[in-house]
Amino acid sequence: MFYGAMKIVLGNPIKAAFRPWVEGIENIPSEGPAILASNHLSFSDSFFLPAVLDRQVTFIAKAEYFYSPGIKGKLTAAFFRGVGQVPVDRSGARGAGEAAVKSGLAVLERGELFGIYPEGTRSPDGRLYRGKPGGLARVALASGAPVIPVAMIDTEKVQPPGTVRPKLSIRPGIRIGKPLDFERYRGMESDRFILRSVTDEVMYEIMKLSGQEYVDIYATAAKRQIAEAAKAAAEKDQEQKRTGKTGADDRTQERSGT
């Protein structure tokens with residue numbers, strides 16, 4: 001009931017304001033369990049996709065969003081539950097991966113739609129990164145549910161990092177691919193090579209739908225590299241300011257051989 005109310009309060013205004021276009025909506029089954037595996041460009045992905053679907057789709061979210069203290073914490077928890085997200089406890093030996101599997105299976109056992117981002121985190125630069133096999137493939141093989149590849153288009157342009165107001169001039173899109181059947185691997189979720197193969201097949205379909213450049217490393221590693229590069233650049237800038245040197249000074253010295 002709460003999900004339906006939130007869909008009216010949030011979903012309808014989102015569709016009216018941004019007019020997201022959709023291709024392949026017929027690939028979403030009218031009933032029964034299915035896994036929606038999507039690329040991840042923006043925090044708004046979890047709002048745009050449910051907004052255009054008639055059925056409820058359940059994503060996973062950090063447990064911290066659900067158990068923060070105070071009135072603000074309660075309102076945040078109510079909001080995330082209202083938009084169809086369930087908490088994932090990242091503590092324990094296997095952390096979020098194990099929690100995601102359990103949450104996903106519970107959703108699918110109820111005959112519902114389970115949404116997951118195989119990249120594990122948002123893309124730092126708009127490219128498509130290697131999928132993590134721990135959640136998606138294990139849920140697919142353990143449940144037998146079809147995997148439906150989804151591509152979010154231009155959602156990162158709606159409200160780029162650092163901006164306050166969303167850009168209503170941007171019309172994001174969603175492409176939904178045909179269901180992928182991995183029944184041939186059913187019960188083989190403990191085989192890491194099978195998990196990798198299933199994940200790569202799904203990511204390939206997402207790449208075809210999205211048109212993104214594919215990068216064969218994890219997005220978390222890419223974010224770490226970007227952060228390290230930014231830190232190194234900042235430290236170099238500080239050192240140049242401290243010594244009174246600039247990049248132009250360094251290049252002049254290199255050309256003069258001093």
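For the structure itself, consult the block above.
Source: prediction; values computed, not measured.

Caption draft 1: Representation of the overall build of the protein in the model. Scanning the protein from N- to C-terminus turns up 8 helices and 9 strands. When the 258 residues of the protein are sorted by exposure, 40% land in the buried category. Intrachain contacts of the protein at a sequence separation of at least 6 include 78% that bridge at least 24 residues. When the accessible surface of the protein is split by element, carbon and sulfur atoms take 55% of a total near 14100 Å².

Caption draft 2: The arrangement of helix α6 (residues 192–210) in detail. Compared with the 27 Å implied by 1.5 Å per residue over 19 residues, the 27 Å span of α6 between its first and last C-alpha is a close match. For α6, the elements touching its buried residues are β2 (34–38), β6 (128–129), α5 (136–143), β7 (147–153) and β8 (173–176). Capping of α6 at its N-terminal end is provided by D191; its side-chain oxygen lies 2.9 Å from the backbone amide nitrogen of F193. Remark: G211 follows α6 within two positions and exhibits a positive phi of approximately 75°.

Caption draft 3: Expanded view of the pairing of strand β5 (residues 113–116). By the alternation rule, side chains of β5 split into L113 and G115 and F114 and I116, which are all buried. Looking at chain direction, β2 and β5 are connected through 4 bridges and run parallel. Residue pairing across strands places A37 opposite I116, the latter belonging to β5.

Caption draft 4: Representation of the pattern of salt bridges within the structure. Counted by the stated rule, this structure contains 12 salt bridges. A salt bridge links D154 to K157, with the nearest nitrogen and oxygen atoms 3.2 Å apart. Given the relative accessible area of 40%, K157 is considered partly exposed. Between E183 and R186 there is a salt bridge, with its nearest N and O atoms 3.6 Å apart. According to the relative accessible area criterion, E183 is partly exposed, its value standing at 40%.

Caption draft 5: Structural detail: the nonpolar core. In terms of nonpolar packing, the biggest core is built from 24 residues, with I35, V147, F182 and V202 touching the most fellow members. Among the elements of the structure, β2, α4 (95–109), β5, α5 and α6 are those that each provide at least two residues to this core. No other element matches the 6 residues that α6 contributes to this core. Beyond its immediate sequence surroundings of up to four residues, V202 is in contact with A37, L136, V147, L180 and F182.

Caption draft 6: Quick look at the packing of α5 against α6. Taken N-terminus to C-terminus, the directions of α5 and α6 make an angle of 105°; their axes are 9 Å apart at the nearest point. The orientation of α5 relative to α6 falls into the category roughly perpendicular. Between α5 and α6, the contacting residues are L136, A137, R138 and L141 on the first element and I194, L195, V198, T199 and V202 on the second. Here the residues of the contact of α5 with α6 sort into 7 nonpolar, 1 polar and 1 charged.

Caption draft 7: Fine view of the pairing of β8. As paired strands, strand β1 (residues 21–23) and β8 are joined by 3 bridges and run parallel to one another. Bridge pairing in β8 links W21 to G173. With 4 bridges joining them, β7 and β8 adopt antiparallel strand pairing. Looking at β8, one finds that A151 is bridged to R175.

Caption draft 8: Highlighting the side chain of R196. Mapping R196 onto the fold places it in helix α6. Taking the relative accessible area as the measure of exposure, R196 reaches 15% and is therefore buried.

Caption draft 9: View of unusual backbone geometry. Of note, the phi angle at R19 is positive, near 50°, even though the residue is not glycine. Tracing the backbone through its elements, the reader meets R19 in the loop between α1 (2–18) and β1. The phi torsion at D154 lies on the positive side, around 65°, for a residue other than glycine. Within the secondary structure layout, D154 lies in the loop between β7 and β8. Owing to a relative accessible area of 26%, D154 belongs among the partly exposed residues under this scheme.

Reading the values: the criteria
Residues numbered from 1 in each chain as written. Predicted model: local features only at pLDDT ≥ 70, side-chain atom pairs only at ≥ 80, totals over all residues. Heavy atoms only, no water. Helix = DSSP H or I, 4+ residues; strand = E, 2+ residues; numbered from the N terminus. Buried < 20%, exposed > 50% of the residue type's maximum accessible area, 1.4 Å probe, protein only. Contact = heavy atoms within 4.5 Å. Areas by Shrake-Rupley, 256 points an atom, 1.4 Å probe, with all protein chains shown as cover. Expected span 1.5 Å × (residues − 1). Polar contact = N/O pair within 3.5 Å; in protein donor to acceptor, adjacent residues only side chain to side chain. Pairing = 2+ DSSP bridges. Salt bridge = Lys/Arg side-chain N within 4 Å of Asp/Glu carboxyl O. Core = buried A, V, L, I, M, F, W, Y, C linked by side-chain atoms within 4.5 Å. Axes fitted to C-alpha atoms, helices over the stretch in contact; angles between N-to-C directions. Parallel < 35°, antiparallel > 145°, perpendicular 65-115°, else oblique. Nonpolar A, V, L, I, M, F, W, Y, C, P; charged D, E, K, R; others polar.

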